[in-house]
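Each chain is listed here by its residues.
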Amino acid sequence: MSLLVVGLSHRSAPVSVLERASLAADTQAKLLQDTLAAEPATEAAVLATCNRIELYADVDKFHAGVAELSTLLAQHSGVGLDELTPYLYVHYEDRAVHHLFSVACGLDSMVVGEGQILGQIKDALARGQELHTAGRLLNDLFQQALRVGKRAHSETGIDRAGQSLVSFGLQQLAAGADPGLWARGKRALVIGAGSMSSLAAATLARTGVAEIVVANRTRSRADRLVEILQQGDDTTVRAHAVEMSAVGDELTRADVVVSCTGATGLVLTAEALADALGVTLDAPAEAPAVTADPAPADVDQHAAWVENGSATSAPEAPRRVTLPAQSTGPVKLALLDLAMPRDIDGAAHRIDGVRLVDIESLADASADAPMAADVDQVRTIVADEVAAFGAAQRAAHVAPTVVALRTMAADVVAGEIARLDGRLPDLDEKQRAEITQTVRRVVDKLLHAPTVRVKQLASEPGGAGYADALRELFDLDPQTVAAVSRADLNDPNRGRS
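Cut-offs and rules
- Residues numbered from 1 in each chain as written.
- Predicted model: local features only at pLDDT ≥ 70, side-chain atom pairs only at ≥ 80, totals over all residues.
- Heavy atoms only, no water.
- Helix = DSSP H or I, 4+ residues; strand = E, 2+ residues; numbered from the N terminus.
- Buried < 20%, exposed > 50% of the residue type's maximum accessible area, 1.4 Å probe, protein only.
- Contact = heavy atoms within 4.5 Å.
- Areas by Shrake-Rupley, 256 points an atom, 1.4 Å probe, with all protein chains shown as cover.
- Pairing = 2+ DSSP bridges.
- Axes fitted to C-alpha atoms, helices over the stretch in contact; angles between N-to-C directions.
- Core = buried A, V, L, I, M, F, W, Y, C linked by side-chain atoms within 4.5 Å.
- Right-handed = clockwise from strand over helix to strand, strands pointing away.
- Phe/Tyr/Trp six-rings, centres within 6.5 Å; stacked < 30°, edge-to-face > 60°.
- Parallel < 35°, antiparallel > 145°, perpendicular 65-115°, else oblique.
- Left-handed = near helix turned anticlockwise from the far one by under 90°.

Novice: Quick question: what am I supposed to make of the overall build of the protein here?
Specialist: In terms of regular secondary structure, the protein is built from 20 helices and 12 strands. By the burial criterion, 48% of the 497 residues in the protein qualify as buried. Of the contacts made within the protein by residues no fewer than 6 positions apart, 74% connect residues no fewer than 24 positions apart. For the protein, the accessible area works out to roughly 23,700 Å², and carbon and sulfur atoms hold 52% of it.

Below, the structure written as structure tokens:
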């Protein structure tokens, strides 16, 4: 079995496609279950964030796996396969491991070095465990990715290379001013009470806003977030919760709005924003300009894989719609939309006195952000950890065979000692114990060198065949090896850090 990842992200697809392909929590669960029901996959996990959707699976057939995972992503995202395919990327075996470790370290984030991705990876693993779709490989992979990400943040200055998406968004809203000075004394409205909204509220509080109002569909979650904000030692911000129905009234008093909900439609329309500001919504400008982005890497090869290996022409380049420029007058209301799909109507750009920063504008702004020297150090860590993970997986593959061999040897010893008891019934307990210990020592010494050596050889690239060779040489029962593997997988203490 081999690791395969098929996905799309802000690096391969325009935000408009990511927005349409976003997966709700219940859809992610159904995707995992359907992936496991598909023939090529035995394990599955989904990593879905505001700027990436990735499906990881342990598959036994590469081409069939790519085709099946691509089809499943298309079916559950609601974006047609022909439309989605040009934006998909594929990583296999060590490249798939390298990709996830890079993601965990923040190297593949929209804002390089941001640490929120670690929580999202942890959530993806927990979802796979809860639904029993993550088995040995994906448990090991995601747990190791979390350790690699933590190592990168603790051993390097990658945090200096970037910041959280929330902090970066507030920086863009401040338009070059110091975010702390810009936010001081402002009244903020946070719509949503999930992980991203909670991070936004905490960041706003530390930045220096005077008051935070939290609105959420489930009032109890909004109340809980307010309680957490008021318990913080590093802020004295005033905070209270309101019902979602009160958002319209709160808009008339807000200076800053941050929205990140799981809604499938718009939470704030341009008309509602214009009404709150008491202004008239300008008529739409002429058809917006269309700009072409370069085609993502490996797309043409991937398209060929999806069509069962047949050659296909290079796909048409992604196209992104450029919205009209922001109004240049004084900003009365600053909007930060961190949702995918978007919460705030893009037409808010046309409202006089409104500044809107969303995922698409953040992607454009972060493309020119300088890379810190620490990034190279993180890349070295990732490369080392990928090699170590591969070696550990290959060694683990041979371990059940080694255990089965030693079990068979112990059974042989036990059988011979029993036969000896029948032939020499007059042996006393001390003599029997000495003979038993001697026979076991001989067997252990004979097996020690080959079993240690086979583990070493198996950990090297191309060493997967040593387990098969060991089974053939000693005529081991495959069912015994499989039983050892199952016992190891069901060990409740396995993989805990």
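What follows picks up the thread again.
Novice: Help me understand the sheet that holds strand β4 (residues 89–92), please; the structure alone is not making it clear to me.
Specialist: By way of backbone hydrogen bonds, the strands of a sheet pair with one another, either parallel or antiparallel. Ordered by their spatial adjacency, four strands build an open sheet running β2-β3-β1-β4, and the pairing between neighbours is antiparallel. Edge strands, defined here as strands with exactly one partner in the open sheet, are β2 (41–49) and β4. With direction set aside, neighbouring strand axes in the sheet form an average angle of 15 degrees. In the sheet, β2 pairs with strand β3 (residues 52–59) via eight bridges, with the strands oriented antiparallel.

Novice: In this structure, what is going on with the nonpolar core? I would like to understand it.
Specialist: Note that soluble globular proteins tend to have their nonpolar side chains buried in a common cluster. Membership of the largest hydrophobic core comes to 70 residues, with the highest contact counts inside it found for Leu-165, Ile-212 and Leu-338. If near-sequence neighbours (up to four positions away) are discounted, Ile-212 is found in contact with Ala-188, Val-190, Ala-201, Leu-204, Ala-205, Leu-229, Val-237, Arg-238, Ala-239 and His-240. Listed in part, the 35 residues of the second largest apolar core include Val-5, Tyr-56, Ala-104 and Val-148.

Novice: What is the right way to read the sheet that holds strand β7 (residues 238–243) from this model?
Specialist: Strand order across the open sheet formed by six strands is β7-β6-β5-β8-β11-β12, with parallel pairing between neighbours. Lying at the two open borders of the sheet, with one neighbouring strand each, are β7 and β12 (354–357). The mean inter-strand angle of the sheet, taken between neighbouring strand axes irrespective of direction, is 15 degrees. Here strand β5 (residues 187–191) runs beside strand β6 (residues 211–216); their pairing, made up of five bridges, is parallel. Bridging from a neighbouring strand, Ala-188 pairs with Ile-212 of β6. Of the strands in this sheet, β8 (256–259), β11 (333–337) and β12 are in contact with helix α9 (residues 165–174), which crosses β11 at around 150 degrees. Helix α11 (residues 195–207) rests against β5, β6 and β8 of the sheet, and its axis sits at about 170 degrees to β5.

Novice: Got a minute to help me understand the pairing of β6 in this structure?
Specialist: For a regular strand, side chains alternate in direction, first toward one face of the sheet and then toward the other. With six of its six residues buried, β6 lies for the most part within the structure. Side-chain alternation along β6 places Glu-211, Val-213 and Ala-215 on one buried face and Ile-212, Val-214 and Asn-216 on a second face that is also buried. In terms of handedness, the path from β5 via α11 over to β6 forms a crossover that is right-handed. As judged from the six bridges shared by β6 and β7, these two strands associate in the parallel manner. Across the sheet, the residue bridging to Ile-212 is Ala-239, located in β7.

Novice: Explain the packing of aromatic side chains to me, please; I cannot follow it from the model alone.
Specialist: When we look at a pair of aromatic rings, we describe it by the centre distance and by the angle of the planes. What the rule picks out here adds up to three aromatic pairs. Taking 5.3 Å as the distance between ring centres and 80 degrees as the angle between the ring planes, the aromatic pair formed by Tyr-56 and Phe-142 counts as edge-to-face. With Tyr-56 in strand β3 and Phe-142 in helix α7 (residues 136–155), the pair connects residues that are 86 residues apart, well separated along the chain. Neither Tyr-56 nor Phe-142 differs from the other in exposure class; each is buried. A ring pair is formed by Phe-62 and Tyr-92, whose centres lie 4.6 Å apart and whose planes are at 55 degrees; its orientation type is tilted. Of the two residues, Phe-62 is situated in helix α3 (residues 62–77) and Tyr-92 in strand β4; the sequence distance between them amounts to 30 residues. The buried category is assigned to Phe-62, whose relative accessible area is 18%.

Novice: Is there a simple way to explain the environment of Met-408 in this structure?
Specialist: Mapped onto the fold, Met-408 is located in helix α17 (residues 374–423). Met-408 sits in the partly exposed class, given a relative accessible area of 31%. Along the backbone, Met-408 and Asp-477 are 69 residues apart, and their C-alpha atoms lie at a distance of 9.3 Å. Leave out the neighbours within four places in its chain, and Met-408 touches Phe-474 and Leu-476.

Novice: How should the packing of helix α2 (residues 25–37) against α3 be read in this particular structure?
Specialist: Geometrically, a packed helix pair is captured by the angle between its two axes and the distance between the axes. It is at 10 Å that the axes of α2 and α3 come closest, and there the two elements cross at 150 degrees. Relative to α3, the element α2 is oriented roughly antiparallel. The crossing of α2 and α3 is right-handed. Contact residues: α2 offers Thr-27, Lys-30, Leu-31, Asp-34 and Thr-35, while α3 offers Leu-69, Leu-72, Leu-73 and His-76.

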